[in-house]
Amino acid sequence: MDGFQAYGAGKAGGAFDPTTFLRQPQTVVRILCWLFSIVILGCISNEGYVNQPEEEEEYCIFNRNQHACNYGVGMGTLCFLCSAGFLALDIYFPQISAVKDRKKAVMADIVVSAFWSLVWFVGFCFLANQWQVAREEDNPLNEGADAARAAIFFSFFSVFTWAVQSILAVQRFKLGSDSVTFNQEYTDPNEQEALPTEE
């Protein structure tokens, strides 16, 4: 039973090893999700708003649709916070001693990762559509075009990084379910000998 693992982590109370932690696939993918959200947030908030020389008010570079920029900034911010929170949970995960709590954490990871994959798919479609229909006369100097393309590009890849994160969480869930099921079905041979036999 020394090798027993529940939901991808060994027995609770072990020492934290940063090298092992950083080599885990879910950690690498989660850091990518975190970085992509920073890039999207930075691109839209820094260069996502432009104005004509004769105008004072700045408009969203995506077809002057404020909702497109608000969506990108809002989802980038929430995704950044969510990624950071789950990264902290990944660090704390081996310290969780209750198998039921580990199960809840892994199930939350599955649901949240699938949700973010869907959100970024919608965001990619929305931003790409608004960029496609944007009029050239709204931005004659083509300011912020690279930032807009980068936001669309990283929104597209965020769909896949969050989907991979969800798949990794499903694998952890299956691994945990199998090991917990094995642990619950195990009976001590000494106890079976002690049971009375029917004659």
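Provided above is the structure to which this section pertains.
Being a predicted model, the structure only gives us computed values, none of them experimental.

1. A closer look at the packing of aromatic side chains
At step 1: Scanning the model with the defined rule gives 11 aromatic pairs in all.
At step 2: Centroid distance Phe153 to Phe157: 4.7 Å. Interplanar angle 65°. Geometry classified as edge-to-face. One end of the pair is Phe153 and the other is Phe157, both in helix α5 (residues 145-185) and four residues apart, which spans about a single turn.
At step 3: When the ring of Phe156 is compared with that of Phe157, the centres are 5.3 Å apart and the planes differ by 75°; the resulting orientation is edge-to-face.
At step 4: Through pairs of rings, three or more aromatic residues link up here, namely Phe36, Phe124, Phe153, Phe154, Phe156, Phe157 and Phe160.
At step 5: One cation-aromatic arrangement involves Arg102 over Phe93; the distance from NZ or CZ to the ring centre is 5.5 Å.
At step 6: The ring of Phe93 carries the charged tip of Arg172 above its face, separated from the ring centre by 4.6 Å.

2. Quick notes on the layout of surface pockets
At step 1: Taken as a whole, the second largest pocket encloses approximately 200 Å³ of empty space.
At step 2: Among the residues forming the lining of the second largest pocket, the class breakdown is seven nonpolar, three polar and five charged.

Each value, and the rule that gives it
Residues numbered from 1 in each chain as written. Predicted model: local features only at pLDDT ≥ 70, side-chain atom pairs only at ≥ 80, totals over all residues. Heavy atoms only, no water. Phe/Tyr/Trp six-rings, centres within 6.5 Å; stacked < 30°, edge-to-face > 60°. Helix = DSSP H or I, 4+ residues; strand = E, 2+ residues; numbered from the N terminus. Lys NZ or Arg CZ within 6 Å of the ring centre and 35° of its normal. 1 Å grid on protein atoms, 1.4 Å probe; cavity = no way out; pocket = protein on both sides within 12 Å on 5 of 7 lines; lining within 4 Å. Points joined across faces, edges and corners; volume = space filled by probe spheres on them. Nonpolar A, V, L, I, M, F, W, Y, C, P; charged D, E, K, R; others polar.

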